[in-house]
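Each chain, letter by letter, is given below.
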Amino acid sequence: MSSLNDKGEAADILAKAKVFVIDGEINLKTLELTKSIASRLLVAGAPDVAVIIDSKGGGVDAGLDIFDILDTYPGHKTAIVYGRASSIAAVILQACDQRLCAQHATILIHDGHDDISLTIARHPCKFAKWLKNSEKTQTKIYRILSERTGLSINKIRALSERDKHLNPMEALKHKLVDRILTKSDMAKHFRPEVLEKLK
């Protein structure tokens, strides 16, 4: 939605189409757009929605806030992954009731890759505090993934430590998605007249 300069205009169009879009780098702008779409849809009675994801990830705090918005949204949510759902985007994916993945898309879960300053690295107390906070956040992510997939925390941790992009069949095996996206899925969620309005 980068061609739409006004956030309100983008939210209006996407809410009318009953679509959330999680693309590019996940940040505060992504969060604000998600909030705006959700507020419009909730006022409209919380209809069933599609959540289109193509993201390499981004800010964990913003991503977890987006997860909360989608997780608590009362309408049925169908996720459609194109390209990739990596890092925190793969966590957001788990907020959806049905998780569909295009045949050439990839899914990636991994441990946090936060950069730390030399100031923190050089001071044991500051480093210990950073590590404690990072482990706390990572545990939250493990728990979300474990609850949605049914895999144990230990298995999720081992999979995260591999830091490997999973193809759709591998993602299915680990229960990170429900099935491969088909043309009939797209026909169900996107009628031609709706797509025409979004051009």
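Computed from a predicted model, the values in this text were never measured in an experiment. (Residues numbered from 1 in each chain as written. Predicted model: local features only at pLDDT ≥ 70, side-chain atom pairs only at ≥ 80, totals over all residues. Heavy atoms only, no water.)

Novice: Tell me about the overall build of the protein, and name the residues and values.
Specialist: When helices and strands are counted, the protein shows 10 helices and 6 strands. Looking at the protein as a whole, 42% of its 199 residues are labelled buried. Carbon and sulfur atoms make up 53% of the accessible area of the protein, which amounts to about 11,100 Å² in all. (Helix = DSSP H or I, 4+ residues; strand = E, 2+ residues; numbered from the N terminus. Buried < 20%, exposed > 50% of the residue type's maximum accessible area, 1.4 Å probe, protein only. Areas by Shrake-Rupley, 256 points an atom, 1.4 Å probe, with all protein chains shown as cover.)

Novice: Could you give an account of unusual backbone geometry, with specific residues and numbers?
Specialist: Its identity is not glycine, yet K18 carries a phi of approximately 60°, on the positive side. Positionally, K18 belongs in the loop between α1 (7–17) and β1 (19–26). With relative accessibility at 37%, the residue K18 sits in the partly exposed group. Within the chain, K175 stands out as a residue other than glycine whose phi angle is a positive 65°. The residue K175 is located in the loop between α8 (168–173) and β6 (179–180) in this model.

Novice: How would you sum up a negative patch on the surface? Please name residues and give values.
Specialist: On the surface, D61, D65, D68 and D71 cluster together into a negatively charged patch. Mapped onto the elements of the fold, D65 is located in helix α3 (residues 60–72). (Patch = residues over 30% accessible without salt bridge, like charges linked within 9 Å, V, L, I, M, F, W, Y side chains within 5 Å. Salt bridge = Lys/Arg side-chain N within 4 Å of Asp/Glu carboxyl O. Lys, Arg positive; Asp, Glu negative; His and termini not counted. Charge placed at Lys NZ, Arg CZ, Asp CG, Glu CD.)

Novice: Describe in detail helix α7 (residues 153–162), supporting the description with residues and values.
Specialist: Within α7, the full set of buried residues consists of I156, L159 and S160. Projected down its long axis, α7 shows its buried positions confined to an angular sector of 100°, all on one face. When the buried face of α7 is taken as reference, the exposed residues oriented beyond 90 degrees from it are N154, K155 and E161. Looking at the residues trailing α7, positive phi occurs at D163, about 55°. (Arc of directions from axis to C-beta.)

Novice: A description of the pattern of salt bridges should follow, citing residues and the corresponding values.
Specialist: Pairs may arise between side chains of opposite charge once their charged atoms sit close together. The tally for this structure, following the rule as stated, stands at 8 salt bridges. The shortest N-O distance in the salt bridge between D178 and R99 comes to 2.8 Å. Separated by 79 residues along the polypeptide, D178 in the loop between α8 and β6 and R99 in strand β4 (residues 98–101) bring together distant segments of the chain. Take R99: its relative accessible area is 2%, and that puts it in the buried class. Notably, a salt bridge pairs R157 with E161, separated by 3.3 Å at the nearest N-O pair. Remark: E161 and R157 occur in helix α7; sequence separation between them is 4 residues, near one turn of the helix.

Novice: Which residues make up helix α2 (residues 28–43), and what values do they have?
Specialist: Taking 1.5 Å of rise per residue, 16 residues should cover 22 Å, and α2 covers 23 Å from first to last C-alpha, within 8% of that figure. All of the buried residues along α2 are T30, L31, L33, T34, S36, I37, A38 and L41. Its side-chain oxygen at 3.0 Å from the backbone nitrogen of K29, N27 defines the N-terminal cap of α2. Of the residues flanking the end of α2, it is G45, one or two places downstream, whose phi is positive at about 100°. (Expected span 1.5 Å × (residues − 1). Polar contact = N/O pair within 3.5 Å; in protein donor to acceptor, adjacent residues only side chain to side chain.)

Novice: Just give me the short version of the packing of aromatic side chains, but keep the residues and values in it.
Specialist: What describes a pair of aromatic rings is the distance from one ring centre to the other and the angle between the planes of the rings. This structure, assessed with the given rule, holds 1 aromatic pair. For the pair F20 and Y73, a centre-to-centre distance of 6.1 Å together with 80° between the ring planes defines the contact as edge-to-face. Linking F20 in strand β1 with Y73 in the loop between α3 and β3 (77–86), this pair joins segments that are 53 residues apart in sequence. According to the relative accessible area criterion, Y73 is buried, its value standing at 3%. (Phe/Tyr/Trp six-rings, centres within 6.5 Å; stacked < 30°, edge-to-face > 60°.)

Novice: Account for the packing of α2 against α3, naming residues and giving values.
Specialist: The interhelical angle for the contact between α2 and α3, taken along N-to-C directions, is 15°, at an axis separation of 9 Å. The angle between α2 and α3 falls in the class roughly parallel. Here α2 and α3 pass one another in a crossing that is left-handed. Counting all contacts with α2, which are made through L28, T30, L31, T34, K35 and A38, the residues of α3 involved are A62, D65, I66 and I69. Among the residues forming the contact of α2 with α3, the class breakdown is 6 nonpolar, 2 polar and 2 charged. (Axes fitted to C-alpha atoms, helices over the stretch in contact; angles between N-to-C directions. Parallel < 35°, antiparallel > 145°, perpendicular 65-115°, else oblique. Left-handed = near helix turned anticlockwise from the far one by under 90°. Contact = heavy atoms within 4.5 Å. Nonpolar A, V, L, I, M, F, W, Y, C, P; charged D, E, K, R; others polar.)

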